[in-house]
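# Residue-level structural notes
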Amino acid sequence: MSAIAHVSAREILDSRGNPTIEVDVVLSDGSLGRASVPAGASTGSNEAVELRDGDPSRYGGLGVLKAVKNVNERIALALRLLGDSALDQEAVDRTLIDLDGTRDKSSLGANAILGVSVAVARAAARSAGKPLYAHLSHGGPVSLPVPMFNILNGGRHAEDSTDIQEFMVVPAGLETFSRSVQAGAEVFHALRRILRDAGFGTTVGDEGGFAPSVSSDREALELVVRAIEGAGYKPGEQCFIALDVAASELVAEDGGYSLPREGVVLSAQELIDRYQRWVEEYPIISIEDGMREYDWTGWSQMTASLGSAVQLVGDDLYTTNPRLIRRGIESKASNALLVKLNQIGTVTETLEAVRMAKEAGWGTVISHRSGETEDTTVADLAVATSAGQIKAGAPSRGERTAKYNRLLRIEEALRPAAKYAGLSVYGSYVDQ
């Protein structure tokens, strides 16, 4: 096996123009692995710590030179000492975790650790002459995921738009991944025409979706349905809707849920009742973060009420953390998991999170972040784990389309054996 010969990091910019870290790992056989790390806006409190400089004279305090230094000095030395075992991903990640020595990776920074972890995986794949998805799957079965296109942005991702953070179109009823990408793009452009004709602005939010100043979340749902139909697709058969409520961002002072666009505050049960009505009226197939992150009782109530009718995805609730996922499984808090590499900080822990969710019979959604880079690791991860679903934003903006384009290339490479997850992911939630 090749040893790790060189590790280095640099500061680059993400899609919001903020600094992030990029890491290069070079092996003794010359193989290069490069990875860059995304950042979230709506983040869970249990996420691994993203190390920032806090120097107001640079990038408003958001610089990552401390993380860069940790890679170039402490981590680089530790990995060189691993010798020929360096391409054992678990050994590398355990070394990083032990070197950090904290529960939340706050010493080295989760951004520093993740950049190295992914760069090592990429270097190992290149050394073996394999694409990343094949390296991560260890020869196991792979499949193309259903794309969840965030075509209408709100919440923390766009100003003066909806209370709900994401309205996604999910082309699960098409035959192939490439056909689903076509549908997503066509619905996206149909929505643009509808918004323009109705006098709404067509500027886009952080994840590439439109951010119209609508009066309510229901109006946004109506617009998405019109866009599906306007593009020539059948709502509830070919294209569905997924929501990311980001309910932790809607918490009112009295503990309820505040919807400022409508000027109302709802209890947990009233919010669940609202979801129930929406699921009955609209082709909604998935609801992410429908309750705030610490409302375990609310999550269990929501899953008991809606879990047989719709996918209920935990993001802030779990932060891709196996310890929290275990609690969710035991308390039946949800029936699906959102997976974000930078929430937990290593490839090994991320794969463990996916394994746990799958063994519990949960759905799994591999996700980008709102502050993204051109790195396409999440695309390969979705294929390698046969996760079945991926969130990478709208079919708009280069850092979003990079993921979808990577999946299109993987689909081409796998043909004629390319398997598309499609409606099978959603089981009893839809009529097949």
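Just above sits the structure.
Summary of the structure given here. (Residues numbered from 1 in each chain as written. Predicted model: local features only at pLDDT ≥ 70, side-chain atom pairs only at ≥ 80, totals over all residues. Heavy atoms only, no water.)

Cis peptide bonds are those with omega within 30 degrees of zero, and the linkage from Arg 415 to Pro 416 qualifies with 5 degrees. Relative to the helices and strands, Pro 416 resides in the segment after helix H13 (398–414). Phi is positive for Ala 246, which is not a glycine, with a value near 55 degrees. Following the sequence through the fold, Ala 246 ends up in the loop between strand E6 (240–244) and strand E7 (257–259). The class for Ala 246 is buried, based on a relative accessible area of 3%. Of note in the backbone geometry, Thr 319 takes a positive phi value of approximately 45 degrees without being a glycine. You can see Thr 319 is positioned in the loop between strand E10 (311–314) and helix H9 (322–331). (Helix = DSSP H or I, 4+ residues; strand = E, 2+ residues; numbered from the N terminus. Buried < 20%, exposed > 50% of the residue type's maximum accessible area, 1.4 Å probe, protein only.)

In spatial order, the strands read E1-E2-E3; together these three strands make up an open sheet with antiparallel pairing. What marks the edges here is a single partner per strand, and that holds for strand E1 (4–13) and strand E3 (32–36). Between one strand axis and the next, the sheet turns by 15 degrees as a mean value, whatever way the strands run. Taken together, the nine bridges between E1 and strand E2 (residues 19–27) define a ladder with antiparallel strand orientation. Bridging across to E2, Ser 8 finds its partner in Asp 24. Sheet contacts for helix H1 (residues 65–80): E1 and E2; angle to E1, the most-contacted strand, approximately 170 degrees. Sheet contacts for helix H3 (residues 110–128): E1, E2 and E3; angle to E2, the most-contacted strand, approximately 35 degrees. (Pairing = 2+ DSSP bridges. Axes fitted to C-alpha atoms, helices over the stretch in contact; angles between N-to-C directions. Contact = heavy atoms within 4.5 Å.)

A few words now on the packing of helix H7 (residues 268–281) against helix H8 (residues 296–306). One can describe the packing of H7 onto H8 by two numbers: an axis separation of 10 Å at closest approach and a directional angle of 30 degrees. Comparing their axes, H8 and H7 come out roughly parallel. You can see that H7 and H8 cross each other, and the crossing is right-handed. Of H8, the residues touching H7 (which contributes Gln 269, Ile 272, Tyr 275 and Gln 276) are Gly 298, Gln 301, Met 302, Ser 305 and Leu 306. (Parallel < 35°, antiparallel > 145°, perpendicular 65-115°, else oblique. Left-handed = near helix turned anticlockwise from the far one by under 90°.)

Turning next to the nonpolar core. Counting 135 residues, the largest nonpolar core has Ile 21 and Ile 284 as the members making the most contacts within it. Sort the elements by how many residues they give to this core and H3 lands first, with eleven residues. (Core = buried A, V, L, I, M, F, W, Y, C linked by side-chain atoms within 4.5 Å.)

Scanning the model with the defined rule gives six aromatic pairs in all. Ring geometry for Phe 188 against Phe 210: centres 4.5 Å apart, planes inclined by 15 degrees, an arrangement best described as stacked. Of this pair, Phe 188 sits in helix H5 (residues 177–197) while Phe 210 sits in the loop between H5 and helix H6 (217–230); the two residues are 22 residues apart in sequence, bridging distant segments of the chain. Given the relative accessible area of 1%, Phe 188 is considered buried. (Phe/Tyr/Trp six-rings, centres within 6.5 Å; stacked < 30°, edge-to-face > 60°.)

All of the buried residues in H9 are Pro 322, Leu 324, Ile 325 and Gly 328. Buried residues in H9, looked at end-on, bunch into an arc of 160 degrees, giving them a common side. The inward-facing, buried residues of H9 abut H8, strand E11 (336–339), helix H10 (341–344) and helix H11 (347–359). Measuring from the backbone nitrogen of Arg 323 back to the side-chain oxygen at the start of H9 gives 2.9 Å, which picks out Asn 321 as the cap. At the C-terminal side of H9, Lys 332 shows a positive phi close to 50 degrees. (Arc of directions from axis to C-beta. Polar contact = N/O pair within 3.5 Å; in protein donor to acceptor, adjacent residues only side chain to side chain.)

Another aspect to go through is H13. Spanning 17 residues, H13 covers 24 Å between terminal C-alpha atoms, matching the ideal 24 Å at 1.5 Å per step. Among the residues of H13, those classed as buried are Glu 399, Arg 400, Ala 402, Lys 403, Tyr 404, Leu 407, Ile 410, Glu 411 and Leu 414. (Expected span 1.5 Å × (residues − 1).)

This next bit is on the pairing of E6. For E6, the tally of buried residues reaches five of five residues, placing the bulk of the element in the interior. Burial along E6 is two-sided: Phe 240, Ala 242 and Asp 244 facing one way and Ile 241 and Leu 243 facing the other are all buried. With five bridges joining them, strand E5 (residues 166–170) and E6 adopt antiparallel strand pairing. Within E6, the residue paired with Met 168 across the bridge is Ala 242.

What follows is about the sheet that holds E10. The eight strands are arranged E4-E5-E6-E9-E10-E11-E12-E13 in a closed barrel whose pairing can be described as mixed. Here the strands of the sheet are splayed against their neighbours by 25 degrees on average, with no regard to which way each runs. Taken together, the four bridges between E6 and strand E9 (residues 284–288) define a ladder with parallel strand orientation. Pairing of Ile 241 across the sheet is with Ile 284, part of E9.

Summarising the element assignment, Lys 340 is placed in the loop between E11 and H10. A polar atom in the side chain of Lys 340 sits 2.8 Å from the side chain of Asp 315. Beyond its immediate stretch of four places on either side in the chain, Lys 340 contacts Asp 315, Thr 320, Ser 367, His 368 and Arg 369.

The volume enclosed by the largest pocket comes to roughly 400 Å³. Around the largest pocket, the lining is made up of 20 residues, and of these Glu 90, Leu 136, Ser 137, His 138 and Leu 351 lie nearest the centre. Only helix H2 (89–100), helix H4 (132–137) and H11 provide two or more residues apiece to the lining of the largest pocket. For the lining of the largest pocket, the leading source of residues is H11, giving seven residues. A class-by-class count of the residues in the lining of the largest pocket yields seven nonpolar, eight polar and five charged. Empty space within the second largest pocket amounts to approximately 310 Å³. Lining the second largest pocket are 22 residues, with Lys 358, Ser 386, Ala 387, Ser 424 and Val 425 sitting closest to its centre. Looking at the lining of the second largest pocket, the elements that each hand over two or more residues are strand E12 (363–367) and strand E13 (388–391). In terms of residue class, the lining of the second largest pocket is made up of eight nonpolar, twelve polar and two charged. (1 Å grid on protein atoms, 1.4 Å probe; cavity = no way out; pocket = protein on both sides within 12 Å on 5 of 7 lines; lining within 4 Å. Points joined across faces, edges and corners; volume = space filled by probe spheres on them. Nonpolar A, V, L, I, M, F, W, Y, C, P; charged D, E, K, R; others polar.)

Everything listed here is a matter of coordinates, which is why it stays silent on function.
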